[in-house]
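Observations on the model geometry
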Amino acid sequence: MSAVTKEPATAVAPQAARDEGILGYLRGYGQKVRGGDMGALPAVLGLLVLCVVFGLARPVFLTAPNFANLLTQAGPVVVIAMGLVFVLLLGEIDLSAGYTSGVCAAVLAIMLTTHGYPWYVGVAAALATGLVIGLLLGFLVAKVGIPSFVVTLAAFLGFQGTVLWLLDEGTNISVRDSVIISLENEYLSPAVGWGLAAVTVLGFAAVQLIQQRNRRRRGLKADLWQVVAFRVIGLAVLVGFAVAILNQERSRNPLFSLKGVPIIVPVVGVLLLLWTFVLRRTAYGRHIYAVGGNKEAARRAGIAVDRIRISAFVICSSMAAVGGVLLASQARSVDPNTGGSNVLLYAVAAAVIGGTSLFGGKGRVLDAVLGGLVITMIINGMGLVGWSSAYKYIATGVVLLLAASVDAFSRRRAAASS
Amino acid sequence: MGTPLLELRGINKSFGPVQVLRDVAFTVQPGEVTALVGDNGAGKSTLVKCIGGIYPIDSGDYLIEGKQVSVHSPRDAAQLGVEIVYQDLALCDNLDIVQNMFLGRERRSGMILDEPTMEQLASETLASLSVRTVKSVRQQVSSLSGGQRQTVAIAKAVLWNSKLVILDEPTAALGVAQTAQVLELVRRLADNGLAVVLISHNMNDVFAVSDRIAALYLGRMAAQVKTTDVTHAQVVELITSGRSGALGLAEEGAAA
Ligand SMILES: Nc1ncnc2c1ncn2[C@@H]1O[C@H](COP(=O)(O)OP(=O)(O)OP(=O)(O)O)[C@@H](O)[C@H]1O
Ligand SMILES: [Mg+2]
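In this text, all values refer to a predicted model and were calculated from it rather than measured experimentally.

Some points on the overall build of chain B
Scanning chain B from terminus to terminus reveals eight helices and 14 strands. Scaling as 2.2 N^0.38, a compact globule of 256 residues should have a C-alpha radius of gyration of about 18 Å, and chain B matches this with 18 Å. Taken along the three principal axes of its C-alpha coordinates, chain B extends 60 × 40 × 35 Å. Within chain B, the proportion of its 256 residues that are buried is 57%. Across chain B, the fraction of contacts at a sequence separation of at least 24, relative to all contacts at a separation of at least 6, is 65%. Total accessible area on chain B is roughly 10,300 Å²; 49% of this is exposed by carbon and sulfur atoms. The centroid of the 22 positive side-chain charges in chain B is displaced by 3 Å from the centroid of its 27 negative side-chain charges.

Rendered as structure tokens:
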């Protein structure tokens, strides 16, 4: 065989292919973005634009009390969106996640208020309910073979009815347990806030350094130290800034102090860490991406595809249960509307705005947090500006469509550039 | 000639009422490239998927290194050292090269994926195959050219101390240069002592790299011959009519 063995355009030895220096790194990033892989960019730009627009329209938008509000307001949507990321990664959808959180919240309220169990029993019951719901949905999708769109649309209706039934056709059950209430209504003391910030930044820095050192020791290409430093310092500035603002006194009443990081922040932080670890560092997470990218390839690689699909629905519904607990905490009660109206739409929008693809195979748990903040800022800002519900609905719908267009667009870009 | 690495005897396979494979016998020697040829729909891909455990065989013997085995899943096949590069590429576009090569068999330390080890092994495997055309093993597969993807799929197959590598039309979608590259890689696998099965419609490719040719005709094995013993024309005849002079299937009726 007299073969031409080189493709001129790409004939580079692996080692020689490094784009050297900061410029090379930036060029690589630019290429990625132009190729359709925009990562967190749209969400971050969205956050900045919203801050400017609403900040100019209503200066109160950019104050410490509103910032704290925003974070507690975002909690339930972010948590439900985190679960949805798993289902979306498979290219599936769970339209019932909102009402799943409603059902689980109702179970929680009944356990706590009607039966007087302690908070952990109530939370365990809510989580168990979510788990069972996830198993059922996953079974119907993966084993029976009904499209997830249909299964969860049916569940959407069914669970709406279930909430009504659990609440005796519409009574409102109040939640008074102090632990549950604290989740969305209490704040860390300033010192604890700073402590947590320090632990977060130092932990992140340690993980980064260990990873880079391991790679270097194996002779693998490591990230530039400038890039690593930028990441760590960036996080430190961001976290430090947020804690500094949240530790300001927010109460106008001198007899009563209101300051500190909302408790929901570390709660979301822990969930973010947990699920990011699962998705990025475990074989299970890798298999989720594989099934979402190419189900048949995953099957041929020996991955138990059905089990992966069922598990994603279980995670989604269980996270919806956590979201339900937060909704109950936020409202201090559960009624037939808990988890209803816009909750699901907001959660899906959050994941998609953050950069999770509706086509499967692409997404991160962090997307849920970033997108959830964007969505909450829109809702919060429109409330402050005083728009009517009519405009709020329309604006939210438009934003979801915009995010989905960005998704479809980057997918086309990625397909065209390969 | 020693024991064949793979020996199939009397393989039958039906999809519902359609019998796709009929009493197929097939042997593959280590250190050789065996070309599997046949017209569209002859059953080549089906035979390969039976070998790879994707489809269960209805009846027949499946021997690896002279020992009878039963293969019910891709995992069983992999355990026996059988790796297949499928016609419809089995790569995940949204994962990078390393992730694809280790898919389903990730290296771990404890619970955590051992990324440095996987990256190192993947690089070494690509280097051992003298693959120099990929920029970075952390590139997403979606950004690779057809030839590069095929290269990754082949490298994935040899990563596992495999004994038998089967390639289903690895060059079908490739240009001249990339085809030559892949064929060279195929030859190198056999020269390294692996048993290689190459499915191809291209007679030039078949004669360029193969040691033996097996021709399927309408789900039956028409003939399995040494490449040096036959001409282009004879192989084409085997493919199109199942017979060529003394070679091939007997007249209708006597064959079954
Ligand atoms: N899953 C299936 N169910 C039913 N029939 C099938 C299935 N897979 C293949 N067949 C049939 O089996 C026959 C052989 O198909 P196969 O894909 O093995 O052919 P092939 O030799 O690989 O052809 P090609 O050269 O076009 O790839 C065809 O008639 C096809 O329609
Ligand atoms: Mg075929």
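Comments concerning the domain arrangement of chain A
All names here are of chain A. Considered domain by domain, chain A is made up of domain 1 (41-186 + 263-417) and domain 2 (187-261). Contact residues are listed per partner, giving 11 residues for domain 1 and 10 residues for domain 2. Here domain 1 packs against domain 2, burying approximately 910 Å² in sum over the two surfaces, 75% of which is carbon and sulfur. Counting every contact that joins domain 1 to domain 2 gives zero salt bridges. For the side of domain 1 that touches domain 2, the leading source of residues is helix α3 (residues 64-89), giving five residues. Classifying every residue of the side of domain 1 that touches domain 2 gives eight nonpolar, one polar and two charged.

Let's talk about the sheet that holds strand β4 (residues 59-64) of chain B
Strand pairing in a sheet relies on backbone hydrogen bonds. The paired strands run either parallel or antiparallel. Residues and elements named next belong to chain B. Taken together, the four strands give an open sheet; going across it, the order is β2-β1-β4-β5, and neighbouring strands pair in antiparallel fashion. Lying at the two open borders of the sheet, with one neighbouring strand each, are β2 (18-28) and β5 (67-68). Where strand β1 (residues 6-15) and β4 come together, five bridges link them in antiparallel fashion. By the bridge assignment, R9 is partnered in β4 with D61. Across the sheet, helix α1 (residues 44-51) lies against β1, β2 and β4, angled at about 65° from β2, the strand it touches most.

Thoughts on the packing of helix α10 (residues 264-281) of chain A against helix α15 (residues 365-385) of chain A
All names here are of chain A. Closest axis-to-axis distance for the α10/α15 pair is 8 Å, and the angle between their directions is 145°. Residue-level inspection shows V268, L272, W275, T276 and L279 of α10 in contact with α15, the latter providing V365, L366 and V369. Here the residues of the contact of α10 with α15 sort into seven nonpolar, one polar and no charged.

Digging into the sheet that holds strand β11 (residues 212-217) of chain B
All names here are of chain B. Pairing within the open sheet is mixed, and its six strands lie in the order β6-β9-β10-β3-β11-β12. Each edge of the open sheet is held by one strand with a lone partner, namely β6 (82-85) and β12 (220-226). When strand polarity is set aside, the average angle formed by the axes of neighbouring strands in this sheet is 15°. Sheet analysis places strand β3 (residues 33-38) next to strand β10 (residues 195-199), joined by four bridges and oriented parallel. Of the residues in β10, the one forming a bridge with T34 is V197. Each of β3, β11 and β12 touches helix α8 (residues 232-241); the most contacted strand, β11, lies at about 25° to it.

Thresholds, definitions, all that
Residues numbered from 1 in each chain as written. Chains lettered and ligands numbered in written order. Predicted model: local features only at pLDDT ≥ 70, side-chain atom pairs only at ≥ 80, totals over all residues. Heavy atoms only, no water. Helix = DSSP H or I, 4+ residues; strand = E, 2+ residues; numbered from the N terminus. Rg over C-alpha atoms; globule rule 2.2 N^0.38 Å. Buried < 20%, exposed > 50% of the residue type's maximum accessible area, 1.4 Å probe, protein only. Contact = heavy atoms within 4.5 Å. Areas by Shrake-Rupley, 256 points an atom, 1.4 Å probe, with all protein chains shown as cover. Lys, Arg positive; Asp, Glu negative; His and termini not counted. Charge placed at Lys NZ, Arg CZ, Asp CG, Glu CD. Domains from an automatic or database assignment. Buried area = accessible area lost by both parts, 1.4 Å probe. Salt bridge = Lys/Arg side-chain N within 4 Å of Asp/Glu carboxyl O. Nonpolar A, V, L, I, M, F, W, Y, C, P; charged D, E, K, R; others polar. Pairing = 2+ DSSP bridges. Axes fitted to C-alpha atoms, helices over the stretch in contact; angles between N-to-C directions.

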